[in-house]
Amino acid sequence: MKGKRNNQKTVLLPYLRVANVQDGYLDLKEIKNIEVDVLKIERYRLKKGDVLFTEGGDFDKLGRSSVWNEEIPDCIHQNHIFVVRTQTDTLDPYFLSLQAGSRYGKTYFIGCSKQTTNLASINSTQLKNFPVLIPTIEEQREIVNILNFFLGKEEQIKQNCLKLLEKIEEIKKSILSRAFRGELGTNNPDEESSIELLKTIL
């Protein structure tokens, strides 16, 4: 907890905030440090495979989670982040994270959350009571592989669309620039088609 006074020896360690935990991924562009009681480091130290859940936020962000892969050494977590450490021979951490982020998971978390205007939150008891659907570990891993494949395709399509929008914006600027310089021509039928002009621009 930020601002908490420590009477014991402390060390400065990196820690994850709610803003770092997104829905299905971690945003680690900005990592802050905090003074930590040396006796409490192990309690809050993140370990590979930990599933990180946020306590609350906007309704669409409730129950968002991601899996920690020791991206930062000796990193701990803020008290507004819940950490679930699964028995990996029974429950794959990626399977848990994906299930929590599914419509099934979102419905559960929204249904049991404490809600105020535009905000919602859950507590550790509600998180522990999440009715996880658990097929065999082999099925879980296959489901994770399939979903990751399609999620990767979705992300690729998004990136391609963004590049296309950028290209369209460049074309618009080029057309306007030529128009102001009087280079787009007139309605004279003897002039070159505007389609040919666009082909030149592209």
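Right above here is the structure, for reference.
Note that this is a predicted model, so its numbers are computed, not measured. Every chain begins its residue count from 1, and numbering advances along the sequence as written. pLDDT decides what is reported in this predicted model: residues at 70 or higher carry local features, side-chain atom pairs at 80 or more are listed and counted, and totals for whole chains, interfaces and linings draw on all residues regardless. Side-chain calculation: all heavy atoms of the structure are included, whereas hydrogens and water are not.

Colleague: So what exactly am I meant to see when it comes to a nonpolar patch on the surface here?
Modeller: Side chains of Leu162, Leu164, Leu165 and Ile168 sit close together on the surface and give an oily, nonpolar patch of about 380 Å² of accessible area. The helix count covers DSSP runs of H or I at least four residues long, the strand count covers runs of E at least two residues long, and both are numbered beginning at the N terminus. Looking at where leucine 164 falls in the secondary structure, it is placed in helix α5 (residues 137-180). Like-charged residues are merged into a patch within 9 Å and nonpolar side chains (Val, Leu, Ile, Met, Phe, Trp, Tyr) within 5 Å, provided each residue has over 30% relative accessible area and no salt bridge. Computed with a 1.4 Å probe, the accessible areas rest on the Shrake-Rupley method; for each residue, only the protein chains presented here act as cover. The term salt bridge refers to a pairing of a side-chain nitrogen on Lys or Arg with a carboxyl oxygen on Asp or Glu at a separation within 4 Å.

Colleague: Looking at this structure, how should I read the sheet that holds strand β8 (residues 114-116)?
Modeller: Hydrogen bonding along the main chain pairs the strands of a sheet, whether they run parallel or antiparallel. Between any two strands, at least two bridges found by DSSP are needed for them to pair. Pairing is antiparallel across the open sheet formed by 3 strands, whose spatial order is β4-β9-β8. The open sheet is flanked by β4 (56-57) and β8, the only strands paired with a single partner. When β8 meets strand β9 (residues 119-121), the two strands line up antiparallel, connected through 3 bridges. Paired with glutamine 115 across the bridge in β9 is alanine 120.

Colleague: I tried to follow the nonpolar core on my own but got confused; where do I start?
Modeller: Soluble globular proteins: nonpolar side chains tend toward being buried together. To qualify as a nonpolar core, a set must consist of buried Ala, Val, Leu, Ile, Met, Phe, Trp, Tyr and Cys residues joined through side-chain atoms within 4.5 Å. For every residue, the accessible area (1.4 Å probe, protein chains only) is compared with the maximum for its type, and the residue is labelled buried under 20%, exposed over 50%, or partly exposed between those bounds. The biggest cluster of nonpolar side chains holds 16 residues, and the ones touching the most others in it are Phe53, Leu96, Phe109 and Phe130. Of all the elements in the fold, those that place two or more residues in this core are β3 (51-54), α2 (93-100) and α3 (103-112). Element by element, the count of residues in this core is highest for α2, at 3 residues. A contact between two residues is defined here by any heavy atoms of the two lying within 4.5 Å. Contacts of leucine 96, omitting those with residues within four sequence positions, involve Val51, Phe53, Val84, Thr86, Leu91, Phe130 and Val132.

Colleague: Teacher, can you tell me more about the pattern of salt bridges here?
Modeller: Opposite charge on two side chains lets them pair, provided their charged atoms get close. Applying the stated criterion to the full structure yields 7 salt bridges. The salt bridge involving aspartate 50 is made with arginine 85; its shortest N-O contact spans 2.6 Å. Of the two residues, aspartate 50 sits in the loop between α1 (41-44) and β3 while arginine 85 sits in the loop between β7 (81-84) and α2, which places them 35 residues apart along the sequence. Residue class for arginine 85 comes out partly exposed when judged on its relative accessible area of 47%. Each of Glu42, Arg45 and Asp74 takes part in one network of salt bridges that share partners.

Colleague: Could you clarify how one ought to interpret the pairing of β3 in this entry?
Modeller: Residues in a regular strand point their side chains to alternate faces of the sheet. Burial along β3 is two-sided: Val51 and Phe53 facing one way and Leu52 and Thr54 facing the other are all buried. Bridge analysis of β3 against strand β5 (residues 65-67) gives 3 bridges, and the strand direction is antiparallel. Following the sheet pairing, leucine 52 is matched in β5 by serine 66. As paired elements, β3 and β7 share 4 bridges and run antiparallel to each other. In the sheet register, threonine 54 faces β7, and the bridge partner there is isoleucine 81.

Colleague: I tried to follow the environment of threonine 10 on my own but got confused; where do I start?
Modeller: Examined against the element boundaries, threonine 10 turns out to sit in strand β1 (residues 10-16). Threonine 10 sits 24 residues away from isoleucine 34 along the chain, and the two C-alpha atoms are 9.5 Å apart. Counting of polar contacts relies on pairs of N or O atoms within 3.5 Å, with two restrictions inside protein: one atom must be capable of donating a hydrogen and the other of accepting it, and residues adjacent in sequence are counted only when both atoms are side-chain atoms. Polar side-chain contacts of threonine 10 include one of 2.8 Å to the side chain of glutamate 35.

Colleague: How should the packing of α2 against α5 be read in this particular structure?
Modeller: Between two packed helices, both the angle of their axes relative to each other and the distance between the axes serve to describe the pair. Structural elements are reduced to axes, namely lines fitted to C-alpha atoms, with helices fitted over the stretch in contact, and the angle between N-to-C directions of any two is expressed from 0 to 180 degrees. For the pair α2 and α5, interaxial distance at closest approach is 9 Å and the crossing angle is 60°. Comparing their axes, α5 and α2 come out oblique. Both α2 and α5 take part in a crossing whose hand is left-handed. Where α2 abuts α5, its residues Tyr94, Phe95 and Leu98 lie against Gln140, Ile143, Val144, Leu147 and Leu151. Note on residue categories: nonpolar means Ala, Val, Leu, Ile, Met, Phe, Trp, Tyr, Cys or Pro, charged means Asp, Glu, Lys or Arg, and polar means any other residue, Gly included. Of the residues assigned to the contact of α2 with α5, the class counts are 7 nonpolar, 1 polar and no charged. Here roughly perpendicular refers to angles of 65 to 115 degrees, roughly parallel to angles under 35, roughly antiparallel to angles over 145, and oblique to all remaining angles. Here a crossing is taken to be left-handed if its near helix is turned anticlockwise relative to the far helix by less than a right angle, and right-handed if that turn runs clockwise.

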